[in-house]
Amino acid sequence: MTYNPDISPLGSQIKNPILSIIVPMYNEEQNVDRLLEHVIPVVEDIEPNYEIILVDDGSRDNTAEKVIEYCEVNAKLKFLAFSRNFGKEAALNAGLSYASGQAIIQIDADLQHPPEVIRTFYQEWKSGAEIVYGQRTSRDDDSALRGFLTRSFYKIFATVSDVKLMNGLGDFLLMDRKVVDALLSLPERERFTKGLYAWVGFKRVAVPFDVAPREHGQSAWSILRLYLFALGAITSFSTIPLKIWTYVGLFLAIPSFAYGGYIMIKTMILGIDVPGYASLMVAVCFFSGIQLLGLGIIGDYLGRVLKEVKQRPLYLISAKYGFDQAKTMRSETAKIKKLPC
Ligand code: UDP
Ligand code: MG
């Protein structure tokens, strides 16, 4: 697919929009028309002073071309394209960095988040809420296995982390400018955003909604990707997997010492007892397994520390459309300064 990084920004832009809508997109060419057909009338109706930022997360289909066609005729639409697929969390982060509204809404491109709910979000924000989040009441297109794994993940997360996640929260939410600035000020690269939304605090209101089934394309989340995501979430918000090895070690060391003492005394009294190969092998395998597991966990944390130390940007932008040149250049310069020499 061809991106043109030199596309010039539109002359007429919306100055200081009240509402910013951010849409992460990965291979969503079939959903672009429907999304904008549904979202634009709702937003026009509630707040005509708005911007919609569509972030193309390195799609391999014609998402970018389709979005640019819309941007050419509607100055309220803005577009960012990544140099490759960096993941939804990075796409949302880019949208937040470039958004200039006072209230910022994140919505998926596949219309699983019903645009009508934006009206309620906006009313709640007007009445003083600082985070208004969509609370999923059903998830019809999930398989039983995925549902089970997701529920198990939330249970484990609640046990090992101090942060209390908001029930049924996805990425469909409205945030006040204060919340967005707080999120953007967090320097970490490994971003489990559901945890960060909970960590920042602020006044929050839940709005229940039914998750619509995805009509076109496929969910980009394979079971493996979900597993890695869950692992990242837990290690970003808890050090219990690291600390637990002290207790596992203690738990195993006490009977081991007792058993060792017993063998010593037995050998001194009864002499060397040659049989015992099986129990020796079992002990060697068991303890080396436990040690490798512990080392693996330490390695995982170390890898994450390395990622943070490297300070690589969360994403790289290959093209943008519809942004004020001065604002864009400021944020780009900031990013370049952060790049390692
Ligand atoms: N998405 C993205 N980058 C990715 C994967 C997904 O920007 O690497 C976008 C996708 O286009 C959609 C949203 O994130 O707008 C949610 O993705 P998806 O529908 O695949 O996830 P699910 O609904 O299964 O959580
Ligand atoms: Mg979806």
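Rules used in this analysis
- Residues numbered from 1 in each chain as written.
- Chains lettered and ligands numbered in written order.
- Predicted model: local features only at pLDDT ≥ 70, side-chain atom pairs only at ≥ 80, totals over all residues.
- Heavy atoms only, no water.
- Helix = DSSP H or I, 4+ residues; strand = E, 2+ residues; numbered from the N terminus.
- Buried < 20%, exposed > 50% of the residue type's maximum accessible area, 1.4 Å probe, protein only.
- Contact = heavy atoms within 4.5 Å.
- Areas by Shrake-Rupley, 256 points an atom, 1.4 Å probe, with all protein chains shown as cover.
- Donors = N, O, S within 2.8 Å, 3.2 Å for Na, K, Ca; no water.
- Polar contact = N/O pair within 3.5 Å; in protein donor to acceptor, adjacent residues only side chain to side chain.
- Salt bridge = Lys/Arg side-chain N within 4 Å of Asp/Glu carboxyl O.
- pLDDT = per-residue confidence, 0-100.

S.K.: For this particular structure, what's the right way to read the overall build of the protein chain?
M.R.: Looking only at helices and strands, one finds eleven helices and eight strands in the protein chain. By residue count, 42% of the 341 residues in the protein chain fall in the buried class. Restricting to contacts in the protein chain with at least 6 residues of sequence separation, those with at least 24 account for 86%. When the accessible surface of the protein chain is totalled, it reaches about 18,300 Å², and 63% of it is carbon and sulfur.

S.K.: What is the right way to look at the coordination of the magnesium ion (ligand 2) in this model?
M.R.: Working reference: metal with six octahedral donors, ideal angles 90 or 180 degrees; metal with four tetrahedral donors, ideal angle 109.5 degrees. Every protein donor of the magnesium ion (ligand 2) is accounted for by Asp110 (OD) and Gln112 (OE1), and the metal-donor separations fall at 1.9 to 2.0 Å. Exposure class is identical for Asp110 and Gln112. Each is buried.

S.K.: Looking at this structure, I do not really get the side chain of Asp108. What am I missing?
M.R.: By the secondary structure assignment, Asp108 is in the loop between β4 (103-106) and α4 (117-126). A distance of 3.1 Å separates the side chain of Asp108 from the side chain of Lys88, its partner in a polar contact.

S.K.: How should I be thinking about the pattern of salt bridges in this particular structure?
M.R.: Any two side chains of opposite charge can pair, so long as their charged atoms come close to each other. With the rule as written, the count across this model stands at twelve salt bridges. Put simply, Glu44 and Lys76 hold a salt bridge, and the shortest N to O gap is 3.4 Å. Remark: Lys76 occurs in the loop between α2 (63-73) and β3 (77-82) and Glu44 occurs in helix α1 (residues 32-46); sequence separation between them is 32 residues. Since its relative accessible area comes to 32%, Glu44 is described here as partly exposed. Given a relative accessible area of 15%, Lys76 falls into the buried group. The closest approach of N and O atoms between Arg304 and Glu190, which form a salt bridge, is 3.0 Å. Within this pair, whereas Arg304 is found in helix α10 (residues 277-310), its partner Glu190 is found in the loop between α6 (177-185) and α7 (193-200), the two being separated by 114 residues in sequence.

S.K.: Sorry if this is basic, but what is going on with the confidence of the model for the protein chain here?
M.R.: In low-pLDDT segments, the atomic positions of the prediction should not be examined closely. In this model, the protein chain carries a mean pLDDT of 82, and residues with pLDDT of at least 70 account for 87%. At the low end of the mean pLDDT range in the protein chain sits helix α11 (residues 325-338), at 45; at the high end sits β4, at 96. Long-range and interchain partners of residues 1-13, a stretch whose pLDDT sits below 50, account for 35 contacts in this model, where long-range means more than four residues apart. Residue range residues 328-341 is modelled with pLDDT below 50. Its contacts to residues more than four positions away, or to other chains, number 16 contacts.

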